[in-house]
Amino acid sequence: MSWSFIEVIGQESAVALLKQAYHLKRIAHAYVFLGPEGVGKTKTASLFASLLVCENVRAEDEPCGVCPSCLKAKSSNHADIQWVWPDGQFVKIDAIREACRRLSMKGFEASRKVLIVPQADSLNDESSNALLKTLEEPSKDTVIILIATSLKRVLGTIASRCQRVIFHPLDPRVLEKLLSEAHGIARAEAAYLARIGQGSLGGALRYHEDGLFSRKNKMIENVLDPRKRLDDVIDLSKHERAEKTERIEEMLLVLSTWFRDMLVAKISGSPGEFINIDRKEDIVRAAQAYVFSDIEARVNAIAETRRSVERNANVRISLTKLRVDLWKQ
Ligand SMILES: [Zn+2]
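Residues numbered from 1 in each chain as written. Predicted model: local features only at pLDDT ≥ 70, side-chain atom pairs only at ≥ 80, totals over all residues.

1. Let's talk about the overall build of the protein
Inference 1: Check the secondary structure of the protein and you find 15 helices and 5 strands.
Inference 2: Considered along the principal axes of its C-alpha atoms, the protein spans approximately 75 × 40 × 30 Å.
Inference 3: A total of 329 residues make up the protein; the buried ones form 39% of that total.
Inference 4: Taking the contacts inside the protein whose residues are at least 6 apart along the sequence as the reference set, 68% of them involve residues at least 24 apart. (Helix = DSSP H or I, 4+ residues; strand = E, 2+ residues; numbered from the N terminus. Buried ≥ 20, exposed ≤ 12 C-beta atoms within 10 Å, placed from the backbone. Contact = placed C-beta atoms within 7 Å.)

Written out as structure tokens, the structure is:
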């Protein structure tokens, strides 16, 4: 496995900011890496921590990847790089206290100590306040990295003490290339996953492992077949809620992307913007059967149904209503 920032795809500005800080010896005491799930934040944190403890940094501000410190950093085994994960729903206060205590002690192996909180969204008020003390009075040569998907759930007083490093959703074309070339996913599926994954490699890979692609095409066949339509889903809703809700949400997601694509076909007629890019001809053909406002009304009906399902309203009634809304004349 190579060990370089080159592996962080599509996050050039975040990587440049960190490398620059290292190069100029202007490393902040605390960073918050902000961005959607599955775009390289954790990988970047690992590499940056490795760079900070590396014994033989390469000329281009890359960790060498082979010194004892890098080897330990790679295997998450370095005594001066702490990772504090949630225990259950939250990052516990005791874990933060212990991590901060170790941060205040002299380094075991390296001259710098790093604390990484990979799911800072899961800090609760107690653990946030424990962390705040350390952020307010940072020890010399310590670096704290919080990783979060949104600042909404990170305490404002904490966020204001961290330098923000923004990670962006990946461009669908970049993601598609990555899925097919680095992960060996077939072209048609990679193209679809890159678009449904909303710029997240992690999200797209989860959909892949979950077999969404073949299921969604089966669902679309049902949607296109006037004898079937939502029958399968409505049957599903008779079963136990917890295990079926996920499938119903998935069905609604597939439906919403299908009608959304039809809307795109009407507006721009540009198949490159379709999510179901593997079904271009079907979408264009299906869109011809409707006027714009009819498709728009259907997109809205699906959105409304998704909200009802989220609110745990009566799913069967919601879906029956949706079927009427989708196929009324
Ligand atoms: Zn090294």
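2. Comments concerning the pairing of strand β1 (residues 30–34)
Inference 1: The element β1 is extensively covered by neighbouring structure, given that 4 of its 5 residues are classed as buried.
Inference 2: Pairing of β1 with strand β4 (residues 142–148), which is carried by 5 bridges, proceeds in the parallel orientation. From the neighbouring strand, Leu 34 faces β4, where its bridge partner is Ala 148.
Inference 3: The pairing of β1 with strand β5 (residues 163–166) spans 4 bridges and is classified as parallel. The residue of β5 that forms the bridge with Val 32 is Arg 164. (Pairing = 2+ DSSP bridges.)

3. Brief notes about the domain arrangement of the protein
Inference 1: Per the domain assignment, the segments making up the protein are domain 1 (5–166), domain 2 (171–210) and domain 3 (212–327).
Inference 2: Between the C-alpha centres of domain 1 and domain 3 the distance comes to 42 Å. (Domains from an automatic or database assignment.)

4. With respect to the environment of Ala 159
Inference 1: Checked against the element boundaries, Ala 159 lands in helix α6 (residues 156–159).
Inference 2: Judged by C-beta crowding, with 19 C-beta atoms within 10 Å, Ala 159 ranks as partly exposed.
Inference 3: Taking the C-alpha atoms as reference points, Ala 159 and Gly 211, 52 residues apart in sequence, are found 38 Å from one another.
Inference 4: Not counting the four nearest positions on each side in its chain, Ala 159 is found in contact with Val 32, Leu 151 and Val 154.

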